[in-house]
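Report on the structure
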Amino acid sequence: MQSNSAAPILVIGCGNAIREDDAAGICAVEAVEAQAPAGVLCLTRHQLSPELAEPISQARAVVFVDARADRLDQPVLVEPLQTDPSGAGLGHFGSGGSLLALAEALYGHAPPAWLVTIPGASFGFSTEMTDAGHAGAMEAAKRILGLLAEMAGVGSTEA
Amino acid sequence: MSQRIVIDPVTRIEGHAKISIQLDDQGQVEGARFHVTEFRGFEKFCLGRPFWEMPGITARICGICPISHILGSAKAGDAILSVKVSPQANKLRRLMNLGQFVQSHALSFFHLSAPDFLLGWDSDPATRNVFGLIKANPELARKGIRLRQFGQEIISLLGGSKIHPAWAVPGGVRGPLTAEGIDWIKGRLPEANETAELALTLFKGMMDKFKAETQIFGNFPSLFMSLVGPDGEWEHHDGALRFVDAAGNILADHVAAADYQTVIGEAVEPWSYLKFPYFKLMGYPAGGYRVGPLARLNCAEHMQTPRAERELQEFKSLSSGSVNNTFLYHYARLVEIIAALDTIEQLVDDPDILSDMVRADAGVNNLRGVGITEAPRGTLFHDYTVNRDGLLEHVNLIVSTGQNNLAMNRTVEQIARHYVHGEKIEEGMLNRVEAGIRCYDPCLSCSTHAVGQMPMEVSLLAADGSVLDTVARA
């Protein structure tokens, strides 16, 4: 499986664009895409589905970005993500960890991964995010770009 | 003292439900009920909305089969506008529906049911899952994912997203397929065909192994209903309604969408949010019927392509009348994937799907519109009444899982009678009851117009209503 610098870094934003702050992951990834360095592939999805296991297995690294139900005064979190076989399934959606486990089981490779979560307080029916939710998404985008820059510095060596 | 078993929630299906099994004084199964416990009430809160919004609103009923609701709703809108959709738009709608068939059937067969087929109903539940499946047949697991992806990508190429594409609208569709889209589909078709044939060959090869399940998992006479074409051909989007009985006799035919209430009634029961549709001429519950892949193959006389026709006739040769075995929904699903792929291949060679003449403009010309389409799980009805401003005054949705409601109850009861012995719920029995439900690939998000996963709870109840045993899966 790919493990060199030619393989892309995947940044995957997940959320429901008509449920207010649930769109924070998508919003953040769209902001990242506008400034992302070469070799970064940004994807946005309504749900994390099993089809993503194949591109994940071929990636150099993957960053999942999602909203989390939390108080808006809580910080954006950037955490290393481990494979999670317990949650893996072939249904309609899964978690980042379950997709890593699926990538490993199906294609023999799970790249290093991170989970970026953005606090959101309101998940009602609207295509508009709250101001605080949007600010969190922008903060997340900044952190992700920093992470990508760090990875670019690391080069082709896998964690 | 009679007793009752409850299975709550049911796993690997779409939505949330529970099953209760009632035992009699002798500890034998007296009856079983498949309860659906979700409720959202789309039929009520859509009132007052413009009918133009309904494809977008009703698509949100379900993240699994939004395409079916988009298409059914758009067809109801066509009727309100009183327009005939252009042939180009109709072909594009059909293409999207076929993409939905491929992705949904692939998910049902490869992802949800294959662990049972390959690992067995009595295998360790700790390994009877995706990793067990991958260990047993990694290539099949990979191919299944890619086949589903193929169907989803067709939806995305047409509608701009895999889930909830705001694309089909009253009067047509928002845009055609692109040349690049056609190239992508053509490039992936050989692989999709290979996977579909592999799965069909695999299932046929396992038929002997599944003799018991074929006889026990919902093997009973019933009516079947689906859309068929003018000459009785397999249909998934156009055509009219046909009912056949267990012997294969046609009971009603060429029933137009607007006339569906002449043949279909809806009953309710206090223990489920699902409605219980039935064939009016036979009354409730005698007029219970099945819809979906098994029904479509039983109602259809022939397919439109040679390969699919061969498979249909081989399927039909399993019985002198209708194929009544619920377990063979799985087989029917695979035949329909073949038919869908053949038709997709024809459509992507048709220049009409590049045409931009895809939408008719009109105002309200009818105060009522009914749209019927075949969802992967079965026939879907959207029935709207509007005022002269196009605001909804009445909405009636009849979805496939609701129409299979009576049959699902009967299937659970048949399996329970065979496998329930004593006052404890054994794992093998639990999984068989679940598997019986999974044959229908029910979508309870749709059937209650609700949303959610489908965990299951099974309870065993005594005659006095006391719970003897309960098994729940998250």
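Each value, and the rule that gives it
Residues numbered from 1 in each chain as written. Chains lettered and ligands numbered in written order. Predicted model: local features only at pLDDT ≥ 70, side-chain atom pairs only at ≥ 80, totals over all residues. Heavy atoms only, no water. Helix = DSSP H or I, 4+ residues; strand = E, 2+ residues; numbered from the N terminus. Buried < 20%, exposed > 50% of the residue type's maximum accessible area, 1.4 Å probe, protein only. Contact = heavy atoms within 4.5 Å. Areas by Shrake-Rupley, 256 points an atom, 1.4 Å probe, with all protein chains shown as cover. Phe/Tyr/Trp six-rings, centres within 6.5 Å; stacked < 30°, edge-to-face > 60°. Lys NZ or Arg CZ within 6 Å of the ring centre and 35° of its normal. Pairing = 2+ DSSP bridges. Axes fitted to C-alpha atoms, helices over the stretch in contact; angles between N-to-C directions. Polar contact = N/O pair within 3.5 Å; in protein donor to acceptor, adjacent residues only side chain to side chain. Core = buried A, V, L, I, M, F, W, Y, C linked by side-chain atoms within 4.5 Å. Expected span 1.5 Å × (residues − 1). Parallel < 35°, antiparallel > 145°, perpendicular 65-115°, else oblique. Left-handed = near helix turned anticlockwise from the far one by under 90°. Nonpolar A, V, L, I, M, F, W, Y, C, P; charged D, E, K, R; others polar. Patch = residues over 30% accessible without salt bridge, like charges linked within 9 Å, V, L, I, M, F, W, Y side chains within 5 Å. Salt bridge = Lys/Arg side-chain N within 4 Å of Asp/Glu carboxyl O. pLDDT = per-residue confidence, 0-100.

A word on the overall build of chain B. Across its full length, chain B holds 15 helices and 16 strands. In chain B, which comprises 474 residues, the share counted as buried stands at 64%. Of the contacts made within chain B by residues no fewer than 6 positions apart, 72% connect residues no fewer than 24 positions apart. Surface exposure of chain B reaches about 16100 Å², of which carbon and sulfur atoms provide 51%.

Right, let's get into the overall build of chain A. Per the secondary structure count, chain A includes four helices and five strands. Of the regular secondary structure in chain A, the N- to C-terminal order runs β-α-β-α-β-β-α-β-α. Per-residue burial for chain A yields a buried fraction of 49% across its 159 residues. Within chain A, contacts between residues at least 6 apart in sequence are counted, and of these 79% link residues at least 24 apart. If you sum the accessible surface of chain A, you get close to 6800 Å²; carbon and sulfur atoms cover 52% of it.

What follows covers the packing of aromatic side chains. All names here are of chain B. In the structure shown here, the tally under the stated rule is 21 aromatic pairs over all chains. Taken together, a centroid distance of 5.2 Å and an interplanar angle of 85° make the contact between F109 and F110 edge-to-face. Between F243 and Y289, the aromatic rings sit 5.2 Å apart at their centres with planes inclined by 80°, giving edge-to-face as the arrangement. Here F243 is found in strand β7 (residues 240-244), whereas its partner Y289 is found in strand β11 (residues 289-290), with 46 residues between them in sequence. You'll find F243 and Y289 in the same group, each marked buried. Taken together, the aromatic side chains of F109, F110, F117, F203, F210, F217, F315, F327 and Y331 make up a single cluster linked through ring pairs. One cation-aromatic arrangement involves R290 over F220; the distance from NZ or CZ to the ring centre is 4.2 Å.

Residues and elements named next belong to chain A. Taken together, five strands build an open sheet; the order of strands is β2-β1-β3-β5-β4 and the sheet is mixed. Looking at strand neighbours, the two that pair on one side only are β2 (40-45) and β4 (77-80), the edges of this open sheet. The sheet shows a mean angle of 20° between the axes of neighbouring strands, direction not considered. Here strand β1 (residues 9-14) runs beside strand β3 (residues 61-69); their pairing, made up of six bridges, is parallel. Its bridge partner lying in β3, G13 is registered against V65. Where helix α1 (residues 24-35) meets the sheet, its contacts fall on β1, β2, β3 and β5 (113-120), and the angle it forms with β2 comes to roughly 155°.

With that settled, consider the side chain of B:R432. Residue and element names in this part refer to chain B. For R432, the position within the fold is in helix α14 (residues 427-438). Classification of R432 as buried rests on a relative accessible area of 9%. At 3.3 Å, the side chain of R432 forms a polar contact with the side chain of Y419. For R432, the residues in contact, after removing those within four places along its chain, are W121, D122, E213, F217, I415 and Y419.

The biggest cluster of nonpolar side chains holds 96 residues, and the ones touching the most others in it are B:I21, B:F150, B:F203, B:F327, B:L328, B:L341 and B:I344. If you tally residues by element for this core, the top one is helix α11 (residues 329-347) of chain B, at 12 residues. Aside from chain neighbours lying at most four places away, what touches B:L341 is B:V102, B:F150, B:L189, B:A192, B:N193, B:A196 and B:R307. Listed in part, the 28 residues of the second largest apolar core include A:I9, A:A23, A:M129 and A:A137.

On to α1(A). Given 3.6 residues per helical turn, the α-helix brings residues three or four places apart onto the same face. Between the first and last C-alpha of α1(A) there are 17 Å, a value that for 12 residues agrees with the 16 Å anticipated at 1.5 Å per step. Considered for burial, the residues of α1(A) that qualify are A:A24, A:G25, A:I26, A:C27, A:A28, A:V29, A:A31 and A:V32.

On to the sheet that holds strand β6 (residues 223-228) of chain B. All names here are of chain B. The strand order β8-β7-β6-β11 describes an open sheet built from four strands, whose pairing is mixed. This sheet does not close on itself; its edge strands, each paired only once, are β8 (250-255) and β11. One ladder, built from three bridges, connects β7 with β8; its direction is antiparallel. Its bridge partner being in β8, L241 is matched across the sheet by V255.

Before going further, it helps to spend a moment on the packing of helix α4 (residues 87-119) of chain B against α14(B). Working note: a packed helix pair is described by the angle between its axes plus the distance between those axes. All names here are of chain B. One can describe the packing of α4 onto α14 by two numbers: an axis separation of 11 Å at closest approach and a directional angle of 135°. It follows from the interaxial angle that α4 and α14 lie oblique. For α4 against α14, the interelement crossing comes out left-handed. Listed contacts from α14 to L112, S113 and D116 of α4 are N431, A435 and R438. A per-class count over the contact of α4 with α14 returns two nonpolar, two polar and two charged.

Another aspect to go through is α14(B). Residue and element names in this part refer to chain B. Between its terminal C-alpha atoms α14 stretches 16 Å, which fits the 16 Å expected from 12 residues at 1.5 Å a residue. In terms of residue burial, α14 counts as a mostly covered element, since 11 of its 12 residues are buried. Among all positions in α14, only G428, M429, L430, N431, R432, V433, E434, A435, G436, I437 and R438 are buried.

For the rest of this paragraph, the subject is the environment of A:H109. Residue and element names in this part refer to chain A. By secondary structure assignment, the location of H109 is in the loop between α3 (96-107) and β5. According to the relative accessible area criterion, H109 is buried, its value standing at 10%. Between the C-alpha atoms of H109 and S57, which are 52 residues apart in sequence, the distance is 5.1 Å.

So, about the side chain of B:S400. Checked against the element boundaries, B:S400 lands in helix α12 (residues 400-403). Not counting residues up to four positions away in its chain, the partners in contact with B:S400 are B:V291, B:R377, B:G378 and B:T379.

Once that is clear, we can look at a nonpolar patch on the surface. Judged by side-chain polarity, B:L251, B:L281 and B:M282 come together as a nonpolar surface patch covering roughly 290 Å² of accessible area. In this fold, B:L281 is placed in the loop between β10 (276-279) and β11.

On to the environment of B:I425. Considering the arrangement of structural elements, one finds B:I425 in the loop between α13 (405-419) and α14. Separated by 43 residues in sequence, B:I425 and B:L468 place their C-alpha atoms 9.3 Å apart.

This part covers the confidence of the model for chain A. All names here are of chain A. Here chain A averages 86 in pLDDT, while 89% of its residues score no lower than 70. Mean pLDDT in chain A bottoms out at helix α4 (residues 131-154), which sits at 91, and peaks at β1, which reaches 96. Counting contacts from residues 155-159, a segment whose pLDDT is below 50, to residues more than four positions away or on other chains yields nine contacts.

Another point: the environment of B:V85. Following the sequence through the fold, B:V85 ends up in the loop between α3 (66-81) and α4. As a C-alpha pair, B:V85 and B:V173 span 88 residues in sequence and 9.1 Å in three-dimensional space.

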